[in-house]
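# Survey of secondary and tertiary structure
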Amino acid sequence: MKFKAIGINQLDSIEQLKDLPAEYTKVLKAVSMVLPFRANNYIVDELIDWNNIPEDPIFQLTFPQPGMLKKEYLDQILDLIDSNAPESELNKLINSIREEMNPHPAMQVEMNVPREQGKEHRGMQHKYPETVLLFPKQGQICSAYCTYCFRWAQFSGMEDLHFSASDPYELVRYLESHPLVTDVLITGGDPLTMSTRLLRQYIEPLLKKPGNLRSIRIGTKFLSFWPYRFTTDRDAEDLMSLFREVVDSGIHLALMAHFTHYRELETEAVREAILAIRKTGAEIRSQSPVVKHINDSADVWSSMWQKQVELGIIPYYMFMARNTGAKEYFSVTAAEAYEIFTDAISRVSGLGRTVRGPVMSCSPGKVLIDGIVELGSQRAFALKFLQGRNPDWVNRIFLAEYDEKADWMDQFIPFKEDEFFYEEEYEEMKQQALAN
Ligand SMILES: *Cc1c(COP(=O)(O)O)cnc(C)c1O
């Protein structure tokens, strides 16, 4: 199948959208002026159930929805469009709305980009000692965008590619001088939007295992959005040989897939792709946020984990949606997420219980919502770091007051304490990073 990207200008050419009220497509266009939109022919022809619009989970996953913008913002945009306002005025409004939507969450630029001798490694993030993230410059787009994307600002032209590596040897030198690093996670965007030839330029220098490199992960949504990348695309075969070369070099290769809904695992195309990848000796793990309108039910998650296990995919993380973009539309509270997770995990066998969640990936670290506990007459959330800026924080349980509405770390209040145990140290780290 030949890849056809579908953007805002192709909306009118989608046959299936013609059945919707004109008002609806007009709103879709208005929302996609603020938040990035990109789908493709596989999503439209094979994944979306057009008899179930707008509720269909894959439609919600890929097409902008009216509820993603505050009503007042949406009305302001529609007013400007209807009155044929000059483009500059529309752009000004769009930019101010974007700024309201917390475009740069979790201090990624300020605290994760490594600096050495006054030089910034712009294409890397190094937050946890054992893992370096690499953002290759040519891999900073995706085959389609998820409506809840936490890197949406990058795809809407707000930032001039904050994270973009272009010299593979910069990473090699970094690994050589940082012996604690065992894992490289190549991410984006989606690194598999790069040709295999380009991807090879980043991966080949790593096969000599600079420093203490043991594992390479590739973060990708291609299995869900364009599985032909691994089977029939022009350089699919070359990609599979590259995977084999990594495995043969003795480096562990993990494809960090992003499956939001079990529907993405049901086509013939994705099943063939999964087989092809597994034949190379690479393993596939899967992670996704839990979000309203798409997968906020235990049924969806337990079916998804069950299917993943059957297909040889290892369930890895269930995330909380980050506090950015159309967060309010997608928000699932900590209490709801905990219930969905508990209910779903209790229905799969141990092979599916490798997954951890719900997890908030926030600036101090990855915080697991590990339980809701009764302490005398009070309730509390039991939280735990799965990853921390300081590894000493990892695996330590701490408590937050139970709050039915809380959906992110910044809303949690320490239980019977003035502050969480890590806060003073985190604040110092932050001040130091900001001073650099
Ligand atoms: C999640 C994450 C990692 C990887 O953490 P694992 O627990 O090893 O999966 C690495 N760096 C950053 C910045 C992350 O958010």
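Not measured: the values here are computed from a predicted model.

### Details of the packing of aromatic side chains
Taken as a whole and assessed by the stated rule, the structure comprises 27 aromatic pairs. Their ring planes at 65° and their centres at 5.7 Å tell us that Trp50 and Phe59 sit as a pair that is edge-to-face. Comparing Trp50 with Phe59 shows no difference in burial state: the two are buried. Aromatic pair Phe385 and Tyr422: ring centres 5.0 Å apart, planes at 85°, arrangement edge-to-face.

### Observations concerning unusual backbone geometry
Here the residue pair Gly188 and Gly189 is connected by a cis peptide bond, since its omega of 20° sits within 30 degrees of zero. Here Gly357 and Pro358 are connected by a cis peptide whose omega angle stands at -10°. In the Ramachandran plot, Asn395 falls in the positive-phi region, its phi being about 75° despite a non-glycine side chain. Position of Asn395 among the secondary structure elements: in the loop between strand S14 (378-388) and strand S15 (397-401). Given the relative accessible area of 52%, Asn395 is considered exposed. The backbone phi angle of Lys416 is positive, close to 55°, even though this residue is not glycine. By secondary structure assignment, the location of Lys416 is in the loop between S15 and helix H16 (423-435).

### Overview of the site of the ligand
Near the ligand you find Lys127, Tyr128, Thr131, Leu133, Arg217, Tyr316, Tyr317, Ser361, Lys366 and Gln387, and these make up its full shell. In the model, an oxygen atom of the ligand is placed 2.9 Å from a nitrogen or oxygen of the Lys366 side chain. Computed on the free molecule, the ligand has an accessible area of 380 Å², of which 88% lies beneath the protein chains in the complex. Elements represented by at least two residues in the shell around the ligand include exactly strand S5 (124-128), strand S6 (131-134) and strand S11 (313-320).

### Quick look at the state of the cysteines
Enumeration according to the criterion identifies zero disulfides in this entry. The closest cysteine sulfur to the non-disulfide-bonded Cys146 is located on Cys149, 6.5 Å from its own sulfur. Its sulfur unpaired, Cys149 is 6.4 Å from the next cysteine sulfur, which belongs to Cys142.

### Focus on the nonpolar core
Core analysis: the largest hydrophobic core is formed by 138 residues, its most contacted members being Phe59, Phe63, Leu223, Phe230, Phe243, Met409 and Phe412. Looking at which element gives the most residues to this core, the answer is helix H15 (residues 334-345), with seven residues. When residues of this core are sorted by domain, at least three fall in each of domain 1 (5-99) and domain 2 (108-435). Setting aside anything within four residues of it in sequence, one finds Phe412 in contact with Ala334, Met360, Phe381, Leu383, Ala400, Glu401, Ala406 and Phe420. Ranked by size, the runner-up nonpolar core spans 14 residues in total, among them Val113, Phe135, Ala254 and Leu368.

### Things to note about the packing of helix H1 (residues 22-34) against helix H4 (residues 71-82)
Helix packing for two helices is described by the angle between their axes and how far apart those axes are. Running from N to C, H1 and H4 point in directions that differ by 105°, and their axes come no closer than 10 Å. What the angle tells us is that H1 and H4 run roughly perpendicular. Across the interface between the two elements, Lys26, Val27, Ala30, Val31, Met33 and Val34 of H1 pack against Leu74, Ile77, Leu78, Ile81 and Asp82 of H4. Broken down by class, the residue content of the contact of H1 with H4 amounts to nine nonpolar, no polar and two charged.

### Observations concerning the pattern of salt bridges
For the structure shown, the criterion picks out 22 salt bridges. Of the charged contacts, one joins Arg347 and Asp343 as a salt bridge, the two residues approaching to 3.2 Å between their closest N and O atoms. Take Asp343: its relative accessible area is 34%, and that puts it in the partly exposed class. Residues participating in the shared-partner salt-bridge network are Arg200, Glu204, Asp238 and Glu245.

### Remarks on the sheet that holds strand S12 (residues 356-362)
With mixed pairing, the eleven strands of this open sheet are ordered in space as S5-S6-S7-S8-S9-S10-S11-S12-S13-S14-S15. The sheet terminates laterally at S5 and S15, the two strands that pair on one side only. On average, each strand axis in the sheet is tilted by 30° relative to the strand beside it, whichever way the strands run. Here five bridges tie S14 to S15, and the two strands are oriented antiparallel to one another. The residue bridging Leu383 from the neighbouring strand is Phe398, located in S15. Strand contacts of helix H11 (residues 236-248): strand S8 (215-220) and strand S9 (252-257), with the helix running at about 135° to S9, the strand carrying the most contacts. Together, strand S10 (283-290), S11, S12, strand S13 (365-375) and S14 form the strand contacts of H15, whose direction differs from that of S13 by roughly 90°.

### Quick look at the domain arrangement of the protein chain
Parsing the protein chain into structural domains produces domain 1 (5-99) and domain 2 (108-435). Relative placement of domain 1 and domain 2: their C-alpha centres are 27 Å apart. Of the roughly 2400 Å² buried at the junction of domain 1 and domain 2 (both faces included), carbon and sulfur atoms supply 64%. Three residues stand out in domain 1 for area buried against domain 2, namely Arg38, Tyr42 and Leu61, and they jointly supply 29% of the buried area on that side. Taken together, domain 1 and domain 2 are joined by one salt bridge.

### What to know about helix H12 (residues 268-279)
Spanning twelve residues, H12 covers 17 Å between terminal C-alpha atoms, matching the ideal 16 Å at 1.5 Å per step. Those residues of H12 not exposed but buried are Ala269, Val270, Ala273, Ile274 and Ile277. Summarising the axial view, the buried residues of H12 lie within an arc of 135°, below the 170-degree limit, and thus occupy one face. Across H12 from its buried face, at more than 90 degrees, point the exposed residues Glu268, Leu275 and Lys279. Once H12 ends, the next one or two residues include Gly281, with phi positive near 95°.

Definitions and cut-offs
- Residues numbered from 1 in each chain as written.
- Predicted model: local features only at pLDDT ≥ 70, side-chain atom pairs only at ≥ 80, totals over all residues.
- Heavy atoms only, no water.
- Phe/Tyr/Trp six-rings, centres within 6.5 Å; stacked < 30°, edge-to-face > 60°.
- Buried < 20%, exposed > 50% of the residue type's maximum accessible area, 1.4 Å probe, protein only.
- Helix = DSSP H or I, 4+ residues; strand = E, 2+ residues; numbered from the N terminus.
- Near = heavy atom within 4 Å.
- Polar contact = N/O pair within 3.5 Å; in protein donor to acceptor, adjacent residues only side chain to side chain.
- Areas by Shrake-Rupley, 256 points an atom, 1.4 Å probe, with all protein chains shown as cover.
- Disulfide = S-S within 2.5 Å.
- Core = buried A, V, L, I, M, F, W, Y, C linked by side-chain atoms within 4.5 Å.
- Domains from an automatic or database assignment.
- Contact = heavy atoms within 4.5 Å.
- Axes fitted to C-alpha atoms, helices over the stretch in contact; angles between N-to-C directions.
- Parallel < 35°, antiparallel > 145°, perpendicular 65-115°, else oblique.
- Nonpolar A, V, L, I, M, F, W, Y, C, P; charged D, E, K, R; others polar.
- Salt bridge = Lys/Arg side-chain N within 4 Å of Asp/Glu carboxyl O.
- Pairing = 2+ DSSP bridges.
- Buried area = accessible area lost by both parts, 1.4 Å probe.
- Expected span 1.5 Å × (residues − 1).
- Arc of directions from axis to C-beta.

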